[in-house]
Amino acid sequence: MCVDEWRGGCLSAAGHPYVETPHLDELARQGVRFSKGYSATPTCVPARVAGLRIL
């Protein structure tokens, strides 16, 4: 799953004190979560392509 305009720290699985994201937390528990992921290109399309090249 790749989303735009969403900070990784805004998940309750990441320890956010107020935001509740139970469905995304379940995905994080069952999958792989890149907690230190980095994109050299902040705009949407190039960042997605760079992420897909890793896979």
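Located above this text is the structure these notes cover.
Attention here is on the structure that accompanies the text. (Residues numbered from 1 in each chain as written. Predicted model: local features only at pLDDT ≥ 70, side-chain atom pairs only at ≥ 80, totals over all residues. Heavy atoms only, no water.)

1. Structural notes on the pattern of salt bridges
Then, number 1: Inspection of the entire model under this criterion finds 1 salt bridge.
Then, number 2: Across the pair arginine 29 and glutamate 26 runs a salt bridge, and its minimum N-O distance is 3.1 Å. Linking arginine 29 with glutamate 26, this pair stays in helix 1 (residues 22–30), spanning 3 residues, or about one helical turn.
Then, number 3: According to the relative accessible area criterion, glutamate 26 is partly exposed, its value standing at 33%. (Salt bridge = Lys/Arg side-chain N within 4 Å of Asp/Glu carboxyl O. Helix = DSSP H or I, 4+ residues; strand = E, 2+ residues; numbered from the N terminus. Buried < 20%, exposed > 50% of the residue type's maximum accessible area, 1.4 Å probe, protein only.)

2. Looking at the side chain of threonine 21
Then, number 1: Within the secondary structure, threonine 21 is located in the segment before helix 1.
Then, number 2: Threonine 21 has contacts with Trp6, Cys10, Leu11 and Ser12, leaving out every residue within four places of it along the chain. (Contact = heavy atoms within 4.5 Å.)

3. Notes on the side chain of aspartate 25
Then, number 1: With respect to the helices, strands and loops of the structure, aspartate 25 is situated in helix 1.
Then, number 2: For the buried residue aspartate 25, which engages in no salt bridge, the nearest side chain bearing the opposite charge is arginine 29, 5.2 Å off.
Then, number 3: For aspartate 25, the contacting residues outside a window of four places in its chain are Leu11, Ser12 and Ala13. (Lys, Arg positive; Asp, Glu negative; His and termini not counted.)

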